[in-house]
Amino acid sequence: MKYATVLQRVVAWIIDIVIIGIVMVLIFGIGFSSLLMGSMALFGTAVVSMFLVMFIYTIGLETYWRGQTVGKKVLQIRVVTENGKRIKFREAFLRNILRILDNQFAGIIGLILIVVTKKKQRIGDMIAKTVVVKD
């Protein structure tokens with residue numbers, strides 16, 4: 001397997017963040033207008049929804065779109081198991097929920113791990129036993 005480079009992974013993530021950001025702005029706009037109208041409950045729901053959008057997008061696409069998000073598709077990379085098989089929900093969930101650890105200090109932890117590990121894995125990949133490969 002030929003592993004994706006750090007640059008490919010970063011550019012793919014930037015593309016995904018832009019897409020997620022557009023959806024979040026739409027949700028946040030609804031939430032912010034609710035706050036201005038005095039509805040904290042609706043605002044809170046919108047904020048929680050923003051985080052759910054990110055996880056639904058990444059986990060859903062990686063599970064059901066052959067290990068690719070839109071960003072990964074554009075960069076022609078994909079997530080597979082360490083033995084090269086298609087990932088399932090469990091692997092997608094684990095690797096994405098652990099972004100919380102990988103993204104500490106502006107993502108530096110995840111980036112350093114991708115650079116120094118043999119299989120180019122961040123914490124989420126190591127725990128989920130996944131790798132990001134060139135398509």
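Residues numbered from 1 in each chain as written. Predicted model: local features only at pLDDT ≥ 70, side-chain atom pairs only at ≥ 80, totals over all residues. Heavy atoms only, no water.

**Q** Would you mind going over the overall build of the chain with me for this structure?
**A** Within the chain one finds 7 helices and 2 strands. Written out in order from the N terminus, the α and β elements of the chain read α-α-α-β-α-α-α-α-β. Per-residue burial for the chain yields a buried fraction of 39% across its 135 residues. Sequence-distant contacts in the chain: of pairs separated by 6 or more residues, those separated by 24 or more amount to 65%. Carbon and sulfur atoms make up 74% of the accessible area of the chain, which totals about 7800 Å². (Helix = DSSP H or I, 4+ residues; strand = E, 2+ residues; numbered from the N terminus. Buried < 20%, exposed > 50% of the residue type's maximum accessible area, 1.4 Å probe, protein only. Contact = heavy atoms within 4.5 Å. Areas by Shrake-Rupley, 256 points an atom, 1.4 Å probe, with all protein chains shown as cover.)

**Q** Sorry, what's going on with the pairing of strand 1 (residues 77-81) here?
**A** Within a regular strand, side chains alternate between the sheet's two faces. Counting buried positions along strand 1 yields 5 of 5 residues, so the element is predominantly enclosed. Here strand 1 shows no split at all, with Ile 77, Val 79 and Thr 81 on one side and Arg 78 and Val 80 on the other all buried. Sheet topology note: the strand 1/strand 2 (residues 130-134) ladder contains 5 bridges and is antiparallel. Residue pairing for strand 2: Thr 81 is matched across the bridge by Thr 130. (Pairing = 2+ DSSP bridges.)

**Q** Help me understand the pattern of salt bridges, please; the structure alone is not making it clear to me.
**A** Side-chain pairs of opposite charge can arise whenever the charged atoms involved come near each other. Scanning the entire structure with this criterion turns up 7 salt bridges. Across the salt bridge formed by Asp 125 and Arg 9, the nearest N and O atoms sit 2.7 Å from each other. Taken together, the residues Asp 125 in helix 7 (residues 123-128) and Arg 9 in helix 1 (residues 6-36) connect sequence positions 116 residues apart. (Salt bridge = Lys/Arg side-chain N within 4 Å of Asp/Glu carboxyl O.)

**Q** Teacher, can you tell me more about the layout of surface pockets here?
**A** By rolling a water-sized probe across the atoms, one finds the places where empty space is left. There is about 320 Å³ of room inside the largest pocket. Around the largest pocket sit 17 residues that line it, and Arg 9, Trp 13, Arg 99, Leu 111 and Ile 114 are the ones nearest its centre. Elements that contribute at least two residues to the lining of the largest pocket include exactly helix 1, helix 5 (99-102) and helix 6 (108-116). For the lining of the largest pocket, the element with the highest residue contribution is helix 1, accounting for 4 residues. Partitioned by chemical class, the residues of the lining of the largest pocket number 8 nonpolar, 3 polar and 6 charged. (1 Å grid on protein atoms, 1.4 Å probe; cavity = no way out; pocket = protein on both sides within 12 Å on 5 of 7 lines; lining within 4 Å. Points joined across faces, edges and corners; volume = space filled by probe spheres on them. Nonpolar A, V, L, I, M, F, W, Y, C, P; charged D, E, K, R; others polar.)

**Q** When you look at helix 4 (residues 89-97) in this model, what are you seeing that I'm missing?
**A** Helical geometry: 3.6 residues make up each α-helical turn, so side chains three or four residues apart lie on a common side. Within the span of helix 4, buried status applies to Glu 91, Ala 92, Arg 95 and Asn 96. Looking straight down helix 4, one finds that the buried residues subtend no more than 115° of arc, so they occupy a single side. (Arc of directions from axis to C-beta.)

**Q** Quick question: what am I supposed to make of the nonpolar core here?
**A** Nonpolar side chains tend to gather and get buried jointly when the protein is soluble and globular. With 15 residues, the main nonpolar core has Ile 20, Met 24, Met 54, Ile 77 and Val 132 as its most contacted residues. At the level of elements, helix 1, helix 2 (40-64) and strand 1 are the ones that each hand at least two residues to this core. Here this core takes 6 residues from helix 2, the largest share from any one element. Contact partners of Ile 20, with chain neighbours within four places excluded, come to Val 53, Met 54, Tyr 57 and Thr 58. (Core = buried A, V, L, I, M, F, W, Y, C linked by side-chain atoms within 4.5 Å.)

**Q** Just to check I follow, could you spell out unusual backbone geometry for this structure?
**A** Peptide bonds are trans in most cases, and residues, glycine excluded, mostly fall at negative phi. Phi at Arg 66 is positive, roughly 55°, even though this residue is not glycine. Since its relative accessible area comes to 47%, Arg 66 is described here as partly exposed. The backbone of Gln 76 sits at a positive phi, close to 55°, despite the residue not being glycine. Looking at the secondary structure, you find Gln 76 in the loop between helix 3 (70-75) and strand 1.

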